[in-house]
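# Examination of the molecular architecture
Below are the chains, spelled out letter by letter.
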Amino acid sequence: MFKKSRQFAIAVAASAACLAGAFSAPAQAADDQYFMLPDYRVGPYGANGQAFYGGFIDYLTYVNMKGGIDGVPVAWDECETEYNNAKGVECYERLKSKAKNFAAPIHTMSTGISYALVDKTAADKMPLAMMGYGLTMAVDGSVFPYAFPLVTTYQMQASAIIKFLKDKNGGSLAGKKIVFLYHDSAYGKEPIIALEAESRLNKFELVQIPVAHPGNEQGAQWQRIRQEKPDYVIMWGWGVMNMTALKTAQKMGFPRDKMIGSWWAGSEEDVIPAGDAAKGYMSATWNVSGTNVPLIADIEKTVYGAGKGNLSDKSKLGTILYNRGVSAAVLSVEAIRTAQAKYGKGKAMTGEQVRWGLENLNLTDARLKTLGATGLLPEVKTSCDNHEGSGKVKIQQWDGAKWVLVSDWIEGNKALIHPLFQADAKKYAKEKGITPRDCAAEAKKK
Amino acid sequence: MFYRETGQFKTTYAADQQIFPIRQDRIGILLLLAVAFVGIPLFASEYWFTAILVPFLIFALAALGLNILTGYAGQLSLGSAAFMAVGAYAAYNFQVRVEGMPVLVSFLLAGLTSAAVGILFGLPSLRIKGFYLAVATLAAQFFIVWCLTKFPYLSNDSSSGVISVPGVTILGFAFDTPRSNYLLVLSLVLLLALAAKNLVRSSTGRAWMAVRDMDVAAEVIGIRLMHTKLLAFAVSSFYCGVAGALYAFCYLGSVEPDGFSLDMSFKILFMIIVGGVGSILGSFLGAAFILLLPIFLDISLPAVASLLHLPFDNATVSHIQLMVFGALIMFFLVVEPHGLARLWQIAKEKLRLWPFPH
């Protein structure tokens with residue numbers, strides 16, 4: 001009987017040890033530059049995540065096959081978040097210990113997870129990148145040293161879309177009516193302040209119509225749009241809401257070439273399911289689709305040629321979201337290069353150093369051309385008081401088979417929009433008791 | 001032979017009515033508390049604190065709240081996440097709008113606000129029961145989330161509707177490390193769990209159980225139905241509200257209404273079903289099972305896959321994880337429909353006789 005109990009005790013102890021072992025973070029990697037990837041490949045937005053993170057990982061593989069970042073190899077771990085905030089935080093905490101030495105920018109591709117990580121990453125001194133999503137007021141780097149809403153934000157994008165429409169209408173939108181049809185969530189509501197400011201400035205009438213998540217029934221909304229008879233519909237949709245909007249617009253007889261979507265409403269996943277209802281529909285984007293970008297073609301040749309590609313469904317190669325994933329990885333790697341230029345070439349960079357790299361990034365067209373990434377990104381130049389770095393988008397139109405660019409880079413109205421961020425950031429700093437850095441003084445010191 | 005109460009005589013009513021009448025239980029719980037308050041803070045890593053222990057405690061509290069309503073008072077509810085949202089947003093508003101408001105008072109007021117909303121949505125329970133009531137509480141789930149999204153005032157005019165809460169400081173001490181944060185949550189959850197345990201042993205708890213078992217009979221023996229049911233809704237929502245406030249302040253730091261979705265309500269419901277309906281311990285066991293098992297599978301499956309040289313990519317692992325998780329829930333429900341708490345009870349009965357079963 002004692003023997004039995006001892007066996008039992010041993011079994012309990014062993015299983016407890018197993019459990020503890022499984023729960024403790026994985027062992028520290030070597031001196032690689034470490035990317036933590038809280039990504040998602042299942043769940044409601046799994047298809048989008050597969051394309052985006054497929055592109056991201058393929059570029060990292062590509063960098064490694066080309067000898068790393070100035071000789072520093074890149075390592076990464078994925079962790080499935082299912083686009084769920086709590087799981088995202090769990091993933092971050094799990095991979096954090098591995099990333100604590102040489103943290104590369106963290107991309108969550110989820111506004112909610114980014115929000116939850118903003119304070120944590122600042123406390124842990126790890127750079128958080130939010131390319132085209134996330135906490136937009138983090139443009140003000142004086143309050144958010146570790147958060148980077150890179151390339152452009154919802155507000156700047158909305159402003160750029162207004163500018164596009166203005167140019168189309170001979171420079172004035174006075175007296176026009178624009179409907180803003182949005183996903184009723186943090187994502188959809190962010191651009192409202194920008195659009196309200198633009199409507200005051202440009203004297204057009206703005207009608208806001210929310211669509212409840214997930215947006216697969218929009219009869220009432222489009223009925224209202226029909227009554228309002230707007231000149232344009234700007235749509236901030238996500239997932240299933242986009243194709244439903246396109247199909248309903250067709251049914252209600254609203255011309256699709258008067259509809260402009262945000263860049264999350266402008267991928268192949270949004271228009272192909274809508275069939276011919278999507279023809280003529282426009283959306284904002286900062287990267288082109290297709291595999292004729294030299295870098296994408298090279299990735300296809302080098303990485304997929306060697307059988308190391310990440311996509312299981314190779315038809316996603318060269319889609320908007322795939323290319324966007326590549327552009328996110330390019331930007332991260334370039335930030336690390338910038339940091340290396342200051343802190344020592346051929347060394348892995350710490351989170352703090354990468355943060356410096358992200359804040360002093362200067363990605364010119366010439367550099368993009370060297371990388372073969374022309375068309376994947378606008379020029380990006382960041383600073384302490386501008387963590388966005390660009391604010392430019394292009395407008396593309398779906399011709400029924402592919403996306404065609406219909407504009408050059410359009411920059412939003414920075415003088416109008418950036419003060420909104422600063423006001424928000426100031427309020428945030430007050431609520432949280434953060435003392436902002438003095439960007440002007442830091443710039444002078446340099 | 002180790003777990004036997006032979007020779008433990010109770011000479012006072014107080015001794016007879018204590019929560020843990022058996023000495024071994026008392027020692028066990030003291031050990032557990034020592035581990036929770038001293039052992040874990042000494043040895044656990046930051047990952048354990050922030051990603052496992054704190055969410056576990058918070059969800060255990062929410063499950064406890066639902067267990068009071070569903071397990072003890074027999075009123076099925078699908079609105080737990082919404083009541084958590086009320087708590088989170090109420091605590092945030094009290095904290096941000098009232099200068100110098102102590103955090104603990106905000107939590108308390110958040111609980112009370114949530115209780116008030118709970119009473120409001122508990123009113124239909126006076127006329128409808130069972131599945132119909134579940135549908136009525138479903139209305140709370142959708143209405144509250146809609147309300148928080150609709151009125152910018154509730155999120156202090158945040159342009160996105162997401163609130164980002166200030167840090168927790170009590171009497172000048174900032175709870176900003178994972179360890180202190182854990183201890184704060186642990187203390188609050190423990191206090192509330194103790195209160196709940198005593199509540200369900202009191203006449204209130206007995207009234208709840210009487211209503212649960214047969215409300216007509218309860219009414220005949222003089223229990224006021226309206227009062228009892230609404231009290232259950234209030235207490236349950238209070239617990240969920242405090243859990244929601246802790247969820248926002250001590251766990252995520254920033255929450256949005258959509259985060260408190262129906263999914264989360266279901267998750268809390270599964271916790272009490274798996275853990276044990278009508279059991280305080282069950283709330284904790286259920287929360288541990290539902291929260292920790294997916295994480296455990298998530299970490300161990302890729303390791304197992306690489307050990308066996310299976311060509312799994314991340315997506316496959318996630319799918320397998322969901323399947324295993326679902327299968328395990330079914331397994332437990334088939335083997336022990338009364339939940340993990342009942343298993344524990346059976347184990348105790350067996351231990352009492354062990355090693356001489358006759």
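On to the overall build of chain B. Check the secondary structure of chain B and you find 14 helices and four strands. Taking 21 Å as the expected radius of gyration for a compact globule of 358 residues, we find that chain B reaches 21 Å, a close match to that expectation. Each principal axis of the C-alpha atoms in chain B carries an extent, and together these give about 70 × 65 × 45 Å. With 358 residues in all, chain B has 46% of them scored as buried. Within chain B, contacts between residues at least 6 apart in sequence are counted, and of these 76% link residues at least 24 apart.

A count of helical and extended segments in chain A gives 16 helices and 15 strands. Its C-alpha atoms give chain A a radius of gyration of 23 Å, within 12% of the compact-globule value 22 Å for 446 residues. A principal-axis box enclosing the C-alpha atoms of chain A has dimensions of 85 × 60 × 50 Å. A buried classification covers 56% of the 446 residues belonging to chain A.

Moving on, we come to the packing of helix α4 (residues 80-97) of chain B against helix α6 (residues 130-150) of chain B. Residue and element names in this part refer to chain B. Where α4 meets α6, the closest approach of the two axes is 8 Å, and the angle between their N-to-C directions is 30°. It follows that α4 is roughly parallel to α6 by the angle criterion. The crossing of α4 and α6 is left-handed. Here α4 contributes Ala81, Ala82, Ala85, Val86 and Tyr89 to the contact with α6, which in turn contributes Ala140, Gln141, Ile144, Val145 and Leu148. Grouping the constituent residues of the contact of α4 with α6 by class yields nine nonpolar, one polar and no charged.

Moving on to the interface of chain B and chain A. Between chain B and chain A, the contact holds 33 residues from the first and 34 residues from the second. Those elements that place two or more of their residues in the side of chain B that touches chain A are α3 (46-72), α12 (280-307) and α13 (314-335) of chain B. For the side of chain B that touches chain A, the element with the most residues is α3(B), which contributes seven residues. A class-by-class count of the residues in the side of chain B that touches chain A yields 14 nonpolar, 14 polar and five charged.

Another point: the domain arrangement of chain A. Note: interface size is frequently given as the accessible area lost on complex formation between the parts. All names here are of chain A. Splitting chain A by domain gives domain 1 (33-152 + 289-381) and domain 2 (155-285). Each of domain 1 and domain 2 was reduced to a C-alpha centroid, and the two centroids are 29 Å apart. Tallying the contact residues gives twelve residues for domain 1 and 13 residues for domain 2. Going through the elements one at a time, α2 (46-65), α4 (111-124) and α12 (320-343) are the ones with two or more residues in the side of domain 1 that touches domain 2. Residue classes in the side of domain 1 that touches domain 2 are distributed as five nonpolar, seven polar and no charged.

Residues and elements named next belong to chain A. The strand order across the open sheet formed by three strands is β3-β4-β5, and the pairing between neighbours is parallel. Strands with a single pairing partner mark the edges of an open sheet, and in this sheet they are β3 (106-107) and β5 (147-148). Across two bridges, strand β4 (residues 128-129) lies against β5 in parallel orientation. Looking across to β5, one finds that Leu128 is bridged to Ala147.

Moving on, we get to the pairing of strand β13 (residues 392-398) of chain A. Residues and elements named next belong to chain A. The element β13 is extensively covered by neighbouring structure, given that six of its seven residues are classed as buried. One ladder, built from four bridges, connects strand β10 (residues 282-285) with β13; its direction is antiparallel. Considered in β13, the bridge of Ala284 is made with Ile395. When β13 meets strand β15 (residues 410-411), the two strands line up antiparallel, connected through two bridges.

All names here are of chain A. Residue placement: Gly309 occurs in the loop between α11 (294-305) and α12. Residue Gly309 is classed as partly exposed on the basis of its 19 C-beta neighbours within 10 Å. Linking Gly309 and Asp58, residues 251 residues apart in sequence, is a C-alpha distance of 6.0 Å.

A few words now on helix α13 (residues 351-359) of chain A. Residue and element names in this part refer to chain A. In terms of residue burial, α13 counts as a mostly covered element, since seven of its nine residues are buried. Within the span of α13, buried status applies to Gly351, Gln353, Val354, Arg355, Gly357, Leu358 and Glu359. Residues of α13 that are buried in the fold lie against β5 and α12.

Rules used throughout
- Residues numbered from 1 in each chain as written.
- Chains lettered and ligands numbered in written order.
- Predicted model: local features only at pLDDT ≥ 70, side-chain atom pairs only at ≥ 80, totals over all residues.
- Helix = DSSP H or I, 4+ residues; strand = E, 2+ residues; numbered from the N terminus.
- Rg over C-alpha atoms; globule rule 2.2 N^0.38 Å.
- Buried ≥ 20, exposed ≤ 12 C-beta atoms within 10 Å, placed from the backbone.
- Contact = placed C-beta atoms within 7 Å.
- Axes fitted to C-alpha atoms, helices over the stretch in contact; angles between N-to-C directions.
- Parallel < 35°, antiparallel > 145°, perpendicular 65-115°, else oblique.
- Left-handed = near helix turned anticlockwise from the far one by under 90°.
- Nonpolar A, V, L, I, M, F, W, Y, C, P; charged D, E, K, R; others polar.
- Domains from an automatic or database assignment.
- Pairing = 2+ DSSP bridges.

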